[in-house]
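Fold and geometry: a report
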Amino acid sequence: MSPASTGASTSVDAVPPVRTPESDSDSRLTPGGPGYRRMSLALFLAGVATFALLYSTQALLPLISGEFGVAASEASWTVAAATGGLALFVLPMSALSERFGRRTVMTASLAVAVTVGMLVPFAPSLGALVVLRAVQGAALAGLPASAQAYLAEEVRPKALVTAIGLFVAGNSVGGMSGRVITGWVAQEWGWRVSVGVIGALAVACAVAFRLLLPAPRHFTAGSLRPRVLLGTVRGHLSDPLLRRLYAIGALFMTVFGGVYTVIGYRLTAAPFGLPQGIVGSIFLVYLVGTVSASAAGRLVGRFGRRGALYLAGGTTAAGLLLSLTASLVLVLAGLVLITAGFFAGHAVASSAVSKTATHGRAQASALYQSAYYVGSSVGSTVGALAFHANGWSGTVGVGLLAVLGVVTITVLGSRAARVAARREPVGAH
C-alpha cells in the first residue's frame, strides 16, 4: 500500500518500499495491539510539552509588562518570537525527519526546547527573553513536522484518525494547562517561577515520551537534496486550493493569536479587574475548542467543506462582536464562540490539506503549519499594537478583518469550483 493511499508522507529522495495489505496488518500498530497504547501516550505527552512551552508566556504578559516596564505590543514578542521561530523552522525540520527519522528529530527537538525552557526564568531583560523564546520555538518545530508523519507510517490506516486525534488532544491540553498553571502560580510567586514550573513539567513529559515511544519499523530514510525538496514545495505552492487553505489557516490563527494575547490585559484592567489566577483559568475555554474540532468532520459531512468554513467564520465573528460588551458574562460567551469557530475552521482546513496533497504530504502539512504559526505571530503582534492604539475594539477590528479574509477566500474557492465543474464535461469530451 503506497504512502499516498495510507496518509504516510513520502520521503524527500526515496520511495518507501511497497507493502502488501498482509504485511501492514501484521506489523502496523492498531488499537489494542502491542505498542499502540505506549505510542498514543508518548505522543500525547509530546503534544502537552510542545504547547505548554510554546504559549507559556501568553497568560503572563501583563506581569512581564509590569516587570520590564513595556507596553503590550512589546511584551507580545515573547509569544510572537516562539511561534515565529516554529513557523520558520517547521519545513526544514520536516526535511531532517525524512533523513534522520521521526523519533530522532522529535527527541532532539524536545531536548533542546526543555533545556531552553529551564533558562527562560533567568532572562535578565526583555530582549534576552525574546531571543530564548525564539530559539525555543525553532526547536519545537521538530514536533509537528514529524509526529503526523510518524503516525502515518507506523499506525494502520483505519486507526490513523484516532491516533492523530490523541496527538491533537495533547496539543489542546498542553496549551490550556500551560496557561492555567502559569496564571495561578504567577499570582503567588511571579511569572519567573511560573515559567520554571512549566519547564519542569515539560522535562517530565519529554523523558516519558522518549521512554514510551516505540522504535519506528516502517521508516525509510531519504537524502536531503535541496532540489528535490524545493521541487516538492513549489508543487504545493502552485496548487490554488492548497494556497487558499494555507491562507485560511493563517487568518484563523491571526484572530486567535490576537485575542488570547491581549485578553489578559483587558480582564486585569477596569472594569473587570480580575486577579492573574482567574485570568489564567479563562483558558479552560479551550475545552470548547476540543469539542468543536472533533465535530468538524460532521460539519463537513452536512454542509460541505466551504459551508463548514462559512459557519466557523460566522461563529468567530459573532464571538468577536459579543466580546465588545462591558459584561463579563458576555465577554466570556464571546470567547467561547471565538474558540469554537477557530478550532472548527482550523480542523477543516488542516484536514483538507492532507486530502488535497497527493505526494509530499509531510511538506504539505509543514507548509500549512508554517502559515498557521505565521498567523499566530502576526495576530499576537498586530493585535497587541491595535490594543495599544485603540483598546479592545482595535484588537476586535483586526480579528474581523481576518475573518473577512477567510470568507473572501472561501467565496473565491466556491467560484473556482463552479468554473472547474462547468469545464469538466468539455475536457472529458
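For the structure itself, consult the block above.
A few points on the structure.

Cut-offs used in this document
- Residues numbered from 1 in each chain as written.
- Predicted model: local features only at pLDDT ≥ 70, side-chain atom pairs only at ≥ 80, totals over all residues.
- Heavy atoms only, no water.
- Helix = DSSP H or I, 4+ residues; strand = E, 2+ residues; numbered from the N terminus.
- Buried < 20%, exposed > 50% of the residue type's maximum accessible area, 1.4 Å probe, protein only.
- Areas by Shrake-Rupley, 256 points an atom, 1.4 Å probe, with all protein chains shown as cover.
- Core = buried A, V, L, I, M, F, W, Y, C linked by side-chain atoms within 4.5 Å.
- Contact = heavy atoms within 4.5 Å.
- Phe/Tyr/Trp six-rings, centres within 6.5 Å; stacked < 30°, edge-to-face > 60°.
- Patch = residues over 30% accessible without salt bridge, like charges linked within 9 Å, V, L, I, M, F, W, Y side chains within 5 Å.
- Salt bridge = Lys/Arg side-chain N within 4 Å of Asp/Glu carboxyl O.
- Lys, Arg positive; Asp, Glu negative; His and termini not counted.
- Charge placed at Lys NZ, Arg CZ, Asp CG, Glu CD.
- Axes fitted to C-alpha atoms, helices over the stretch in contact; angles between N-to-C directions.
- Parallel < 35°, antiparallel > 145°, perpendicular 65-115°, else oblique.
- Nonpolar A, V, L, I, M, F, W, Y, C, P; charged D, E, K, R; others polar.
- Polar contact = N/O pair within 3.5 Å; in protein donor to acceptor, adjacent residues only side chain to side chain.
- Expected span 1.5 Å × (residues − 1).

**Some thoughts on the overall build of the chain**
Within the chain, the regular secondary structure consists of 19 helices and zero strands. Residues counted as buried form 55% of the 429 residues belonging to the chain. When the accessible area of the chain is evaluated, it comes to approximately 17,100 Å², of which 69% is carbon and sulfur surface.

**Regarding the nonpolar core**
Among the nonpolar cores identified, the biggest contains 118 residues, and Leu-43 and Tyr-260 are the most heavily contacted of them. Filtering out sequence-adjacent residues up to four positions away, Tyr-260 remains in contact with Gln-58, Phe-283, Val-285, Tyr-286, Leu-335 and Thr-339.

**Thoughts on unusual backbone geometry**
Each neighbour pair has its own omega, and for Ala-270 with Pro-271 the value is 10 degrees, a cis peptide bond. Here Pro-271 shows up in the loop between helix 13 (240–268) and helix 14 (276–281).

**Structural notes on the packing of aromatic side chains**
A complete count under the given rule lists 15 aromatic pairs for this structure. On the numbers, 5.6 Å between centres and 75 degrees between planes, the contact of Phe-256 with Phe-343 is edge-to-face. Highlighted residues: Phe-256 in helix 13 and Phe-343 in helix 17 (residues 328–356), separated in sequence by 87 residues. Given the relative accessible area of 4%, Phe-256 is considered buried. The buried category is assigned to Phe-343, whose relative accessible area is 13%.

**What about a positive patch on the surface?**
A surface patch of like charges, here positive, comprises Arg-306, Arg-415, Arg-418, Arg-422 and Arg-423. Structurally, Arg-306 is set in helix 16 (residues 296–322).

**Here we look at the packing of helix 6 (residues 77–100) against helix 7 (residues 102–119)**
It is at 7 Å that the axes of helix 6 and helix 7 come closest, and there the two elements cross at 130 degrees. The angle between helix 6 and helix 7 falls in the class oblique. Together, Met-93, Ser-94, Leu-96, Ser-97, Glu-98 and Phe-100 of helix 6 and Arg-102, Thr-104, Val-105 and Ser-109 of helix 7 make up the contact between the two elements. Classifying every residue of the contact of helix 6 with helix 7 by side-chain character gives four nonpolar, four polar and two charged.

**A short note on a nonpolar patch on the surface**
The grouping of Met-118, Val-203, Val-207 and Leu-211 at the surface amounts to a nonpolar patch, some 350 Å² of accessible area in total. If one sorts the elements of the nonpolar patch by residue count, helix 11 (residues 191–212) sits on top with three residues. Position of Met-118 among the secondary structure elements: in helix 7.

**Thoughts on the pattern of salt bridges**
Throughout the structure, instances matching the rule amount to one salt bridge. One salt bridge connects Glu-67 with Arg-192, and the closest N-O pair in it is separated by 2.7 Å. One end of the pair, Glu-67, is in helix 4 (residues 61–68); the other, Arg-192, is in helix 11, and 125 residues separate them in sequence. With a relative accessible area of 41%, Glu-67 lands in the partly exposed category.

**Notes on the side chain of Arg-266**
Looking at where Arg-266 falls in the secondary structure, it is placed in helix 13. Of the side chains bearing the opposite charge, Glu-74 lies closest to the buried Arg-266, which forms no salt bridge; the N-O distance is 21 Å. Within polar-contact distance, the side chain of Arg-266 engages the backbone oxygen of Ser-323 at 2.5 Å. The contacts of Arg-266, once residues within four sequence positions are left out, are Phe-272, Ser-323, Leu-324, Thr-325, Val-331, Phe-387 and Trp-392.

**Re helix 9 (residues 142–154)**
Between its terminal C-alpha atoms helix 9 stretches 18 Å, which fits the 18 Å expected from 13 residues at 1.5 Å a residue. Of all 13 residues in helix 9, twelve are buried, a share of seventy percent or more.

**Considerations on the environment of Glu-153**
Mapped onto the elements, Glu-153 comes out in helix 9. In this structure, the C-alpha to C-alpha distance between Glu-153 and Arg-28, residues 125 residues apart in sequence, is 8.1 Å.

**Some remarks on the environment of Thr-261**
Turning to its location among the elements, Thr-261 is positioned in helix 13. For Thr-261, a relative accessible area of 2% gives the class buried. Residues within four places of Thr-261 in sequence aside, it is in contact with Gln-58, Leu-61, Ser-76, Val-79 and Ser-380. A polar contact of 2.7 Å, which involves the side chain of Thr-261, links it to the backbone oxygen of Gly-257.

What is shown is where atoms sit, not what they do.
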